[in-house]
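# Structural description and commentary
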Amino acid sequence: MRLFAPGVVAAVSVCGIAHADPDSLQDMLGPREIAVGEAMRGSATGASSIGMNPAGLPLNRELVFEGSYGYRGSDSASLVNVSACDSTNAVPGCFFYSFAGATDALQMDAQRTTHVAGSSLSRLLVPRVTIGATAKYFRHSTEVVGESDAKGLSFDFGATIRLASVLNLGLIGQNMFGTDDTIQFPRSFGGGVTARPFSSLAVSFDSRWRTADGEARYGGGGELFLRGGQLGFPIRVGGVHDNGLDATYVTGGIGIADLKWGLDLAARKQVSGGGDETLILASMRVYGPRLEALPME
């Protein structure tokens, strides 16, 4: 149930049975986050900030629209996601919508669907520190035995701290409280650092802890941004380990972008832990006028 990507996107994923259950902590990640080992809490901007850290919105100044479609073979899930993010004003924000429809092959192809819609807002609090919040309305319907229908509100809160000109720290609490408690929107705490030693290179490391079951997930990766004339070509690699599943994944992706649009492709492949999950994502985004980053110093 991924959402959030500007323009029009295409995403395809085939996941192992361990991830057949919907989980907003993973389903709302896009190809850029996946490609660098799900490690962008210190540098997430645009649509990436919705699932990673809304406090990252002021890190640049852009108006961007993103859309995505996905298919996950393990539960025949269809995934539709759209978002619009504007960080050119004093209070940067996003609007987003996500739909996921899937089946449970172990229970006679029982159906489950999830709708999520909401908004993220962020603001520079003091020099070097931004804060952000996301409000989500969800509606989950299911025919799966042992699951129940649910609807209500859920809220995320995040902060981004500029530790140095080339080093960011991101912190987030997801699904901290709401009108209903569901397994699809579990409470979690996450954090990560992003370093940019050169303008064309960024490296990052993130971790996330889910409070209900103590499951921890951590990963890291890097992005090398190559330029050719008016075009940019990001190359991303990373890895993820999930303690709850005792599973390890390798990740990677490529992209192409200019000042008006961008395309991204990413993959995540399980290499240990007894499963055989493969996830492939693609996204397209379209930009409005782009400005320089807001000062944080």
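The structure we're discussing is the one just above.
Let me begin by describing the structure that accompanies this report. Per-chain numbering applies: the sequence of each chain, read as written, is numbered from 1 onward. Only residues with pLDDT of at least 70 get local features here, since the model is predicted, and only at 80 or more are side-chain atom pairs given and counted; chain-wide, interface and lining totals rely on the full set of residues. Note: side-chain values were computed over all heavy atoms of the structure, leaving out hydrogens and water.

## Observations regarding the environment of Gly 56
The condition that has to hold: Numbering of helices and strands runs from the N terminus; a helix is a DSSP stretch of H or I covering at least four residues, while a strand is a stretch of E covering at least two. Residues count as neighbours in contact if any of their non-hydrogen atoms are within 4.5 Å of one another.
Along the chain, Gly 56 turns up in the loop between α3 (48–52) and β2 (61–72). A sequence separation of 103 residues divides Gly 56 from Ala 159, and the C-alpha atoms of the two residues are 7.7 Å apart. Residues contacting Gly 56, with those up to four places away along its chain left out, are Ala 44, Thr 45 and Thr 160.

## Side note on the state of the cysteines
So the rule is basically this: Criterion for a disulfide: a pair of cysteine sulfur atoms at a distance within 2.5 Å.
All chains considered together, the criterion is met by one disulfide. Between the sulfur of Cys 85 and that of Cys 94 lies a disulfide, 2.1 Å long from S to S. On the sign convention where negative is left-handed, the bridge of Cys 85 and Cys 94, at about 115° about the S-S bond, is right-handed.

## Quick notes on the pattern of salt bridges
Definition in use: By definition, a salt bridge exists where a carboxyl oxygen of Asp or Glu is found within 4 Å of a side-chain nitrogen of Lys or Arg. Relative accessibility thresholds used throughout: buried, under 20% of the residue-type maximum; exposed, over 50%; partly exposed, between the two (1.4 Å probe, protein chains only).
Considering all chains together, one arrives at 13 salt bridges under this definition. The salt bridge involving Asp 206 is made with Arg 41; its shortest N-O contact spans 3.1 Å. Of this pair, Asp 206 sits in strand β10 (residues 201–210) while Arg 41 is found in the loop between α2 (31–35) and α3, placing the two residues 165 residues apart along the sequence. Take Asp 206: its relative accessible area is 1%, and that puts it in the buried class. When the shortest N-O distance is used, the salt bridge between Arg 208 and Glu 215 registers 2.8 Å. Glu 215 matches Arg 208 in its accessibility class, with the two residues each being buried.

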